[in-house]
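# Chains, contacts and geometry: an overview
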Amino acid sequence: NGRRSVTMKKSIAFIHMVFFSFFMLSPNIVFSTTALMEGLWELKGEIKIEGATIASIPINSSKCITINSMIPQQLNDKHCSIISKNNEENAISWTIICKDESGLVTEKTVSLTFQKDTFDENIRNVIVNSKGVKTITSIHILGQRIGDCK
């Protein structure tokens with residue numbers, strides 16, 4: 001069906017935007033320097049959209065992660081605010097809410113458990129558009145350090 005194909009393409013494009021916005025556009029985060037090793041990390045996981053016809057979308061990527069690129073300490077976006085943040089010895093979590101001029105509201109909750117060279121991350125995004133339509137995505141990512149950044 002043509003409409004289903006267009007909807008599926010839009011859903012996949014949205015998921016890719018959510019995934020890459022997290023890794024490329026997330027504000028800086030500060031960890032204890034002994035908690036997690038900087039370097040090149042392999043990321044594997046999946047993205048699920050509640051109510052979508054697709055089961056999940058796999059994640060298989062690599063990223064150079066530095067101490068300053070992980071967890072929001074401050075936001076450089078006037079439309080966003082950190083509403084909660086919890087930092088323990090080997091776990092951290094935070095929630096960010098963003099509201100833009102069009103009425104789009106995004107709430108992102110992230111929990112991350114880590115060792116020096118591995119992490120387990122869960123992200124829940126709740127997006128409500130100006131008409132009240134809600135989209136919920138869940139992202140689960142396992143990270144493994146595979147070397148130094150190049």
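These notes cover the structure that comes with them. (Residues numbered from 1 in each chain as written. Predicted model: local features only at pLDDT ≥ 70, side-chain atom pairs only at ≥ 80, totals over all residues. Heavy atoms only, no water.)

### Focus: the sheet that holds strand 5 (residues 105–114)
The test is simple: Pairing between two strands requires that DSSP report at least two bridges joining them. Secondary structure elements are defined from DSSP: runs of H or I of at least 4 residues count as helices, runs of E of at least 2 residues count as strands, and each element is numbered from the N terminus. Angles shown run from 0 to 180 degrees and are taken between the N-to-C directions of axes, each axis being a line fitted to C-alpha atoms and, for helices, limited to the stretch in contact.
Taken in spatial order, the seven strands of this open sheet run 2-1-7-6-5-4-3, and their pairing is antiparallel. Each of the sheet's edge strands pairs with one partner strand only, and the pair in question is strand 2 (57–65) and strand 3 (80–87). Averaged over neighbouring strand pairs, the angle between their axes works out to 15° when direction is ignored. Judged from the seven bridges that link them, strand 3 and strand 4 (residues 91–99) form a sheet pairing that is antiparallel. Bridge assignment links S84 to a residue of strand 4, and that residue is T95.

### Digging into the pairing of strand 4
Stated precisely, the cut-off is as follows: Residue exposure (1.4 Å probe, protein chains only): buried if accessible area is under 20% of the type maximum, exposed if over 50%, otherwise partly exposed.
Within strand 4, seven of the nine residues are buried, which leaves it mostly tucked inside the rest of the structure. Counting the residues in the hairpin turn of strand 3 and strand 4 gives three residues. In the sheet, strand 4 pairs with strand 5 via nine bridges, with the strands oriented antiparallel. Paired with C98 across the bridge in strand 5 is T106. Hairpin geometry of strand 4 and strand 5 is characterised by an intervening segment of five residues between the two adjacent antiparallel strands and by a positive phi of about 100° at G103.

### Looking at the nonpolar core
Quick reminder of the rule: By convention a nonpolar core is built from buried Ala, Val, Leu, Ile, Met, Phe, Trp, Tyr and Cys residues, the set being connected through side-chain atoms within 4.5 Å. It only takes one pair of heavy atoms within 4.5 Å for two residues to be counted as in contact.
If you look at the biggest cluster of nonpolar residues, it comprises 20 residues, and the most contacted ones within it are W41, F114, F119, I139 and I141. Those elements that place two or more of their residues in this core are strand 1 (39–49), strand 2, strand 4, strand 5, strand 6 (118–128) and strand 7 (134–147). With four residues, the single largest contributor to this core is strand 4. Contact partners of F119, with chain neighbours within four places excluded, come to W41, L43, I65, L112, T113, F114, I141, L142 and G143.

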